[in-house]
Amino acid sequence: MDSRVSELFGGCCRPGGGPAMGGTLKARGAGGSSGCGGPKGKKKNGRNRGSKANNPPYLPPEAEDGNIEYKLKLVNPSQYRFEHLVTQMKWRLQEGRGEAVYQIGVEDNGLLVGLAEEEMRASLKTLHRMAEKVGADITVIREREVDYDSDMPRKITEVLVRKVPDNQQFLDLRVAVLGNVDSGKSTLLGVLTQGELDNGRGRARLNLFRHLHEIQSGRTSSISFEILGFNSKGEVVNYSDSRTAEEICESSSKMITFIDLAGHHKYLHTTIFGLTSYCPDCALLLVSANTGIAGTTREHLGLALALKVPFFVVVSKVDLCAKTTVERTVRQLERVLKQPGCHKVPMLVTSEDDAVTAAQQFAQSPNVTPIFTLSSVSGESLDLLKVFLNILPPLTNSKEQEELMQQLTEFQVDEIYTVPEVGTVVGGTLSSGICREGDQLVVGPTDDGCFLELRVCSIQRNRSACRVLRAGQAATLALGDFDRALLRKGMVMVSPEMNPTICSVFEAEIVLLFHATTFRRGFQVTVHVGNVRQTAVVEKIHAKDKLRTGEKAVVRFRFLKHPEYLKVGAKLLFREGVTKGIGHVTDVQAIAAGEAQANVGF
């Protein structure tokens, strides 16, 4: 991470960016593409037409990997060809974890040719037959006329293919919600998930709060979760009378899980824990149109950049401001996003076509940052955000997902509950492997560095029963009569064969993002590594006596309370007051069970 990210934490923001960042990205009318690079193995009978002055623009060549498929036309295929097309659709759906996008009227090399109305109708009919064969539904996202050396009007159609879920394996994307206090985070989530506009006094957010003091103050102080479900046709399933979470899960092919984080600075430790522990796929940064980038907004932006969480921006409360005020806030955002510490490409979304393009570009390029301007009271542009969330594809590679599933089981413990007639329940994320009902695992480390045996009695995802949990999915696990007092946040549940490494002392290569004076030996900080959150003391700074803002070094830390399970290469973030730094773990000094107490503290 560039040390210039430190400007977002403690310094003033410098306007402007490099020459490559000179303007806001404009959405292309034909939408996103399958990524960079040409096909690696699969070749189809695409024609290579010569370049002409009136040719429409190209999309990047079709890629073999990914969930986007180009088809020139699908008119009356033979039975053999149809079976081949169905197999191809299964592959694209697998790559998109249940979603695929078909561009009809586009050659493999990306040339936008288009089809006449009759050919397009026949192609969509064939595509519908293919989808029925694999148990999926199709939805036309958008159409566009192209100017391709022809007297007849020709169109390109973009189609979303979404598989009807089975065995509760719906596509689940986690979105962390960041932003300054009073920017409207909880209100926006209430409007999105409940389908009723706010009354301007915070009515929509009341059902999201978990504590009485949150209702009284109107400010979130804890981490809460809200779900937004889309069915196989891309329709929101939340909006009906007495719709429960179980019913939403049963009806959804795609689920957006919002992680509502605190905006007030005194709850920053909770926000950091939510970002590091719950492994969000992306983040939504909310900025109030009438206040702009104020308070903790800059700090939350810096956290997303430091942890490499892709994010998009929503400018809220546009109903309270004049158009010039909204435009000024958007320009301020663009300047911040283009600065060297961010190096992002802003993309203002003003139409449904822009929203589709933004979703695809956001998934393909980590630098593209869509910007929405909306109101939770008037409902202005709310539909554009829903279109974006519906189209947004998985941000993780399917091959990486398969590799994680083949590893040994590792489940991070983030929450601990006691449920009547169920017993002890833990919530968290499965980092690797597969977890099933009845699995025997070990949990730890305890204060003396031991791991304890337990059995997974049942699994729930989004409050619905689930028999199999796969890597990357969040869930709650019921542990029966296992003693809750033996558990704490930051523990892991792993396969007994893993022989997990625990440590009290570890080394990390860090960048000091901000510190008022000099960072020296003996300084105590709160360290965040995944779901681990504990105070540690700086034992040694290698090759240096002290550090100043922006400097790098390898530092040795020692936990003060109890040992933790750490892995080399894990991202690290530490803080203490205004002091903040990031880095990654480079070495852990493993200790055996029973030796932990002698190695923790002083």
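Below is a short write-up of the structure. All values derive from a computational prediction rather than experimental measurement.

**Structural notes on the sheet that holds strand 20 (residues 474–478)**
With antiparallel pairing, eight strands are arranged side by side in an open sheet as 16-15-21-12-13-20-17-18. Two strands lie at the open edges of the sheet, namely strand 16 (452–455) and strand 18 (464–465), each paired on one side alone. Here strand 15 (residues 440–444) pairs with strand 21 (residues 492–494) via three bridges, running antiparallel. What sits directly across from Val 442, in strand 21, is Val 494.

**Some thoughts on the side chain of Thr 409**
By the secondary structure assignment, Thr 409 is in the loop between helix 11 (398–405) and strand 12 (410–419). According to the relative accessible area criterion, Thr 409 is buried, its value standing at 6%.

**Considering the environment of Ala 474**
Here Ala 474 shows up in strand 20. Assessed through its relative accessible area of 25%, Ala 474 is described here as partly exposed. Separated by 12 residues in sequence, Ala 474 and Asn 462 place their C-alpha atoms 8.4 Å apart. In this structure Ala 474 touches Arg 174, Gly 428, Thr 429, Arg 461 and Leu 469, once residues within four positions along its chain are discounted.

**Section: the sheet that holds strand 1 (residues 68–71)**
The four strands are arranged 1-2-4-3 in an open sheet whose pairing can be described as mixed. The sheet is open, and its two borders are formed by strand 1 and strand 3 (136–146), each paired with just one other strand. In this sheet, neighbouring strand axes are inclined to one another by 20 degrees on average, regardless of whether the strands run parallel or antiparallel. Here strand 1 pairs with strand 2 (residues 99–104) via four bridges, running parallel. What sits directly across from Tyr 70, in strand 2, is Gln 103. Packing against the sheet, helix 9 (residues 352–364) makes contact with strand 1, strand 2, strand 3 and strand 4 (154–163), and its axis sits at approximately 110 degrees to strand 3. Contacting strand 2, strand 3 and strand 4, helix 10 (residues 382–391) runs over the sheet at an angle of about 70 degrees to strand 4.

**What to know about the pairing of strand 7 (residues 254–260)**
Within strand 7, seven of the seven residues are buried, which leaves it mostly tucked inside the rest of the structure. Summarising the sheet, strand 5 (residues 171–179) and strand 7 pair through seven bridges and their orientation is parallel. Residue pairing across strands places Arg 174 opposite Thr 257, the latter belonging to strand 7. Alignment of strand 6 (residues 224–230) against strand 7, held across seven bridges, turns out to be antiparallel. Bridged to Phe 225 within strand 7 is Ile 259.

Reading guide: rules and limits
- Residues numbered from 1 in each chain as written.
- Predicted model: local features only at pLDDT ≥ 70, side-chain atom pairs only at ≥ 80, totals over all residues.
- Heavy atoms only, no water.
- Pairing = 2+ DSSP bridges.
- Helix = DSSP H or I, 4+ residues; strand = E, 2+ residues; numbered from the N terminus.
- Buried < 20%, exposed > 50% of the residue type's maximum accessible area, 1.4 Å probe, protein only.
- Contact = heavy atoms within 4.5 Å.
- Axes fitted to C-alpha atoms, helices over the stretch in contact; angles between N-to-C directions.

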